[in-house]
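Below are the chains, spelled out letter by letter.
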Amino acid sequence: MEKLKKRWGITSNFQLVVIFIVFAVTGSTSAYLSKPVIQWLGISKEALSPWIYIPLRILIIFPVYQVLLVFFGFISGQFRFFWNFEKKMLKAMGLGFLFKNKKAPN
């Protein structure tokens, strides 16, 4: 655990526990919320092959997870950690352009 605390820049075990809880709650909530979104879009497990249904569900869970991670991070008092984590994760996925500051034209 000490390696993880050092890597993430965490100072206390309490902070580490809070972060783990936020990850757990976010994952569960995003999976739970994706079901009504799938239904609203008219996508059903019975109508599609699992090879299509599962990737579609994952694609829907992903943006919900990103938003909820920052939201639950804010509620838990760990906004800075989760905001930096979010930026790092999206940059690794090639979506870093979302966080670049654009200069105003002269």
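It should be emphasised that the depicted structure is a prediction, and the values quoted were computed from it without experimental measurement.

Chemist: Can you help me understand the pattern of salt bridges in this one?
Modeler: Pairing between side chains of opposite charge can happen when their charged atoms approach one another. Evaluated as defined, the whole model comprises one salt bridge. Between Glu2 and Lys5 there is a salt bridge, with its nearest N and O atoms 3.4 Å apart. One end of the pair is Glu2 and the other is Lys5, both in helix α1 (residues 2-8) and three residues apart, which spans about a single turn. We classify Glu2 as exposed; its relative accessible area is 55%.

Chemist: Teacher, can you tell me more about the UniProt feature "transmembrane region" (unreviewed entry) in the protein chain here?
Modeler: Using the residue numbers shown here, the UniProt feature "transmembrane region" (unreviewed entry) corresponds to residues 12-34 and 54-83. Helix makes up 96% of residues 12-34 and strand 0%, and the two end C-alpha atoms of the span are 33 Å apart. Segment residues 54-83 splits into 90% helix and 0% strand. End C-alpha atoms: 28 Å apart.

Rules of the game
Residues numbered from 1 in each chain as written. Predicted model: local features only at pLDDT ≥ 70, side-chain atom pairs only at ≥ 80, totals over all residues. Heavy atoms only, no water. Salt bridge = Lys/Arg side-chain N within 4 Å of Asp/Glu carboxyl O. Helix = DSSP H or I, 4+ residues; strand = E, 2+ residues; numbered from the N terminus. Buried < 20%, exposed > 50% of the residue type's maximum accessible area, 1.4 Å probe, protein only. UniProt positions renumbered as here; feature names shortened; annotations may be inferred.

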